[in-house]
Amino acid sequence: MQTASTNIGERMGRSQELSDSKRGTVIGCHLCNKSIRDISWLLNIPRSTVSGNITMWKQLGTTATQPPSSRPRKMTEQGQHMLKHTVRRSHQLSAESITKDLQTSCGLQISPTTMCRELHGMGFHGRAAASKPYITKCNAKRRIQWCKAHRHWTVERYLPDCIVPSVKF
């Protein structure tokens, strides 16, 4: 008796689907009275996959992949395009205001949470702006004084030779 291959490269991955021909082979082997274990060993696929294919064939009469039973997406491609356009046009709007804008322009009834999830999927992430102090009149005056006092400084004098390339004009 031969041993089953344990090479990981030859095994089927968890997220892969069987091809139509392999599904047909599974059903053909089942009709020839082969056990699930034998079919699994012959085709080098997991027993649960073999069992699932046989069960689906018995219940539905087909081995074709069925559409997922999940809820349809609320956001259409047109809505995603409008959302991306809105965010790029005015990137400082809040999630609620973007949602209201989309509801009026596209008629989409989505929540701010759904809208944020879609934005994250598109690569947009909210960030708080860095706080930068305003330049006061006193500070501006001091900066101008410093610049005027140091206008004779040269780059060569105050930086090491390794940083400043020697360029002759």
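The structure displayed is predicted, hence computed values, not measured ones.

1. Considerations on the packing of aromatic side chains
In step 1: Under the definition given, this model contains one aromatic pair.
In step 2: Aromatic pair tryptophan 146 and tryptophan 153: ring centres 5.8 Å apart, planes at 75°, arrangement edge-to-face.

2. Describing the state of the cysteines
In step 1: Under the criterion given, the structure shown has zero disulfides.
In step 2: Here cysteine 29 stays free of any disulfide, with the sulfur of cysteine 32 as its closest cysteine sulfur at 6.5 Å.

3. Concerning the packing of helix H4 (residues 77-89) against helix H6 (residues 112-122)
In step 1: At a minimum axis distance of 11 Å, the contact between H4 and H6 shows a crossing angle of 80°. One element, H4, and the other, H6, form an angle in the roughly perpendicular class. Residues Gln80, Leu83, Lys84 and Val87 of H4 form the contact with H6, whose participating residues are Met115, Glu118, Leu119 and Met122.
In step 2: A per-class count over the contact of H4 with H6 returns five nonpolar, one polar and two charged.

4. Points about the confidence of the model for the protein
In step 1: The share of residues in the protein with pLDDT of 70 or more is 84%, and the mean pLDDT across the chain is 82.
In step 2: Ranking the elements of the protein by mean pLDDT puts helix H8 (residues 155-158) last with 70 and helix H7 (residues 137-149) first with 94.
In step 3: Contacts of residues 1-9 to residues separated by more than four positions or lying in other chains number six contacts, the stretch itself having pLDDT below 50.

5. Digging into the layout of surface pockets
In step 1: Roughly 340 Å³ of volume is contained in the largest pocket.
In step 2: Every residue lining the largest pocket is counted, 16 residues in all, and those nearest its centre are His91, Leu93, Leu119, His125 and Gly126.
In step 3: For the lining of the largest pocket, the elements supplying multiple residues, two or more each, are helix H5 (95-106) and H6.
In step 4: Counting residues per element, the lining of the largest pocket draws most heavily on H6, at four residues.
In step 5: Grouping the amino acids of the lining of the largest pocket by side-chain chemistry returns eight nonpolar, seven polar and one charged.
In step 6: There is about 200 Å³ of room inside the second largest pocket.
In step 7: Around the second largest pocket, the lining is made up of eleven residues, and of these Glu17, Arg23, Asn53, Met56 and Thr65 lie nearest the centre.
In step 8: If you tally residues by element for the lining of the second largest pocket, the top one is helix H3 (residues 47-60), at three residues.
In step 9: The residue inventory of the lining of the second largest pocket, partitioned by class, reads three nonpolar, six polar and two charged.

6. Structural notes on the packing of helix H2 (residues 36-43) against H3
In step 1: Where H2 meets H3, the axes come as close as 9 Å, and the angle between the chain directions of the two elements is 115°. In this structure, H2 meets H3 at a crossing whose hand is right-handed. In this structure, H2 contributes Ile36, Arg37, Ile39 and Ser40 to the contact, and H3 contributes Arg47, Val50, Ser51 and Ile54.
In step 2: Split by residue class, the contact of H2 with H3 holds four nonpolar, two polar and two charged.

7. Side note on unusual backbone geometry
In step 1: Even without glycine at this site, asparagine 33 takes up a positive phi of about 65°.
In step 2: By secondary structure assignment, the location of asparagine 33 is in the loop between helix H1 (20-31) and H2.
In step 3: Positive phi, close to 60°, is recorded for asparagine 44, a residue that is not glycine.
In step 4: Overall, asparagine 44 belongs to the buried group, its relative accessible area being 17%.

Analysis parameters
Residues numbered from 1 in each chain as written. Predicted model: local features only at pLDDT ≥ 70, side-chain atom pairs only at ≥ 80, totals over all residues. Heavy atoms only, no water. Phe/Tyr/Trp six-rings, centres within 6.5 Å; stacked < 30°, edge-to-face > 60°. Disulfide = S-S within 2.5 Å. Axes fitted to C-alpha atoms, helices over the stretch in contact; angles between N-to-C directions. Helix = DSSP H or I, 4+ residues; strand = E, 2+ residues; numbered from the N terminus. Parallel < 35°, antiparallel > 145°, perpendicular 65-115°, else oblique. Contact = heavy atoms within 4.5 Å. Nonpolar A, V, L, I, M, F, W, Y, C, P; charged D, E, K, R; others polar. pLDDT = per-residue confidence, 0-100. 1 Å grid on protein atoms, 1.4 Å probe; cavity = no way out; pocket = protein on both sides within 12 Å on 5 of 7 lines; lining within 4 Å. Points joined across faces, edges and corners; volume = space filled by probe spheres on them. Left-handed = near helix turned anticlockwise from the far one by under 90°. Buried < 20%, exposed > 50% of the residue type's maximum accessible area, 1.4 Å probe, protein only.

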